Amino acid sequence: MDALIAQLQRQFRDYTISLYQQGFLDDQFTELKKLQDDGSPDFVAEVLTLFFEDCVKLISNMARALDKTTGTVDFSQVGASVHQLKGSSSSVGAKRVKALCVSFKEYCEAKNYEGCVRCLQQVDIEYKALKTKLQDMFNLEKQIIQAGGRVPQVDIN
C-alpha cells in the first residue's frame, strides 16, 4: 500500500508541475491552494466549480453579444464579460484563459469582430481543457486519500 501511495504522490507532483510548465496555471493557483486546510478540504474544488460555472455564463453572454443575426454586435457587452472573465481567471490562477482575455479585450476595443470570434472560440477551448486537467488532478488527490495517504504540497518555484 505504501508503494501505491508513493506512486500516486509522485504522479500528483509530476502532473501538477506539468500544469504550471504548460502554462495552464500560475502562482495565484498556488496561493489559492494555501487557503485550503483540514477544516475546508474541498475549498479549491468549490472555488473552481464556481469559476467554471461563471465561464459558461460569460462565454454564453459573449456569444449572444457577438451574434450578428440579432442585429448589431454589442462590443461593450462583450468587453464587460471579457473583463469579468479576466478577473475571475486571474483570481484562480487560470493563466492561459487570462492571457486570452487580454487579447480578447483588445479586439473588443478595436471592434474587431473576427478577432473577437476567434478569441471566444479559443477561450471556450482553453477553459474546457483546464477544467479537464484540474478534474484529473482532483481525481489523483482522491486516489491518494482513499489509499490512506496525504496529498503532497507541490513546490513550483
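These figures come from a predicted structure and were not determined experimentally.

1. Some words on the layout of surface pockets
Estimated volume of the largest pocket: approximately 960 Å³. Contributing to the lining of the largest pocket are 32 residues, with Lys 33, Gln 36, Pro 41, Glu 141 and Val 151 lying nearest its centre. Only helix 1 (2–21), helix 2 (27–34), helix 3 (43–65) and helix 6 (113–146) provide two or more residues apiece to the lining of the largest pocket. The leading source of residues in the lining of the largest pocket is helix 6, at nine residues. Tallied by class, the residues present in the lining of the largest pocket amount to 15 nonpolar, eight polar and nine charged.

2. Some thoughts on unusual backbone geometry
Most peptide bonds adopt trans geometry, and most residues besides glycine take a negative phi value. The backbone of Lys 111 shows a phi angle near 55°, a positive value even though the residue is not glycine. When you line up the elements, Lys 111 lands in the loop between helix 5 (95–109) and helix 6. Classification of Lys 111 by relative accessible area gives exposed; the value is 56%.

3. Things to note about the packing of helix 4 (residues 75–92) against helix 5
Describing two packed helices takes the angle between their axes plus the distance from one axis to the other. At a minimum axis separation of 9 Å, helix 4 and helix 5 run at an interaxial angle of 160°. On the basis of the axis angle, helix 4 is roughly antiparallel to helix 5. For the pair helix 4 and helix 5, the crossing hand works out as left-handed. Each of Phe 75, Val 78, Gly 79, Val 82, His 83, Leu 85, Lys 86, Ser 89 and Ser 90 in helix 4 lies in contact with helix 5, whose residues at this interface are Val 97, Lys 98, Cys 101, Val 102, Phe 104, Lys 105 and Cys 108. Split by residue class, the contact of helix 4 with helix 5 holds nine nonpolar, four polar and three charged.

4. Considerations on the environment of Gln 36
Tracing the sequence through the fold places Gln 36 in the loop between helix 2 and helix 3. Among the residues examined, Gln 36 registers a relative accessible area of 24% and is labelled partly exposed. At 3.4 Å, the side chain of Gln 36 forms a polar contact with the backbone nitrogen of Phe 43.

5. Some words on the packing of helix 2 against helix 3
Their axes nearest at 8 Å, the elements helix 2 and helix 3 cross at an angle of 130°. As summarised for this structure, helix 2 and helix 3 are arranged oblique, according to the angle between their axes. When the axes of helix 2 and helix 3 are compared, the crossing they make is right-handed. When helix 2 is examined against helix 3, the residues Phe 29, Leu 32 and Lys 33 are found in contact with a partner set consisting of Phe 43, Val 44, Val 47 and Leu 48.

6. Points about the pattern of salt bridges
For the structure shown, the criterion picks out five salt bridges. Between Lys 33 and Glu 141 there is a salt bridge, and its shortest N-O distance comes to 2.6 Å. Taken together, the residues span a long stretch of sequence, with Lys 33 in helix 2 and Glu 141 in helix 6 at a distance of 108 residues. A salt bridge links Asp 124 to Lys 128; the shortest N-O distance between them is 3.0 Å. On the criterion of helical spacing, the pair formed by Asp 124 and Lys 128 is a turn pair, its members being four residues apart in helix 6. The partly exposed category is assigned to Asp 124, whose relative accessible area is 23%. The exposure class assigned to Lys 128 is partly exposed, which follows from its relative accessible area of 42%.

Here is what the cut-offs are and how they apply
- Residues numbered from 1 in each chain as written.
- Predicted model: local features only at pLDDT ≥ 70, side-chain atom pairs only at ≥ 80, totals over all residues.
- Heavy atoms only, no water.
- 1 Å grid on protein atoms, 1.4 Å probe; cavity = no way out; pocket = protein on both sides within 12 Å on 5 of 7 lines; lining within 4 Å.
- Points joined across faces, edges and corners; volume = space filled by probe spheres on them.
- Helix = DSSP H or I, 4+ residues; strand = E, 2+ residues; numbered from the N terminus.
- Nonpolar A, V, L, I, M, F, W, Y, C, P; charged D, E, K, R; others polar.
- Buried < 20%, exposed > 50% of the residue type's maximum accessible area, 1.4 Å probe, protein only.
- Axes fitted to C-alpha atoms, helices over the stretch in contact; angles between N-to-C directions.
- Parallel < 35°, antiparallel > 145°, perpendicular 65-115°, else oblique.
- Left-handed = near helix turned anticlockwise from the far one by under 90°.
- Contact = heavy atoms within 4.5 Å.
- Polar contact = N/O pair within 3.5 Å; in protein donor to acceptor, adjacent residues only side chain to side chain.
- Salt bridge = Lys/Arg side-chain N within 4 Å of Asp/Glu carboxyl O.

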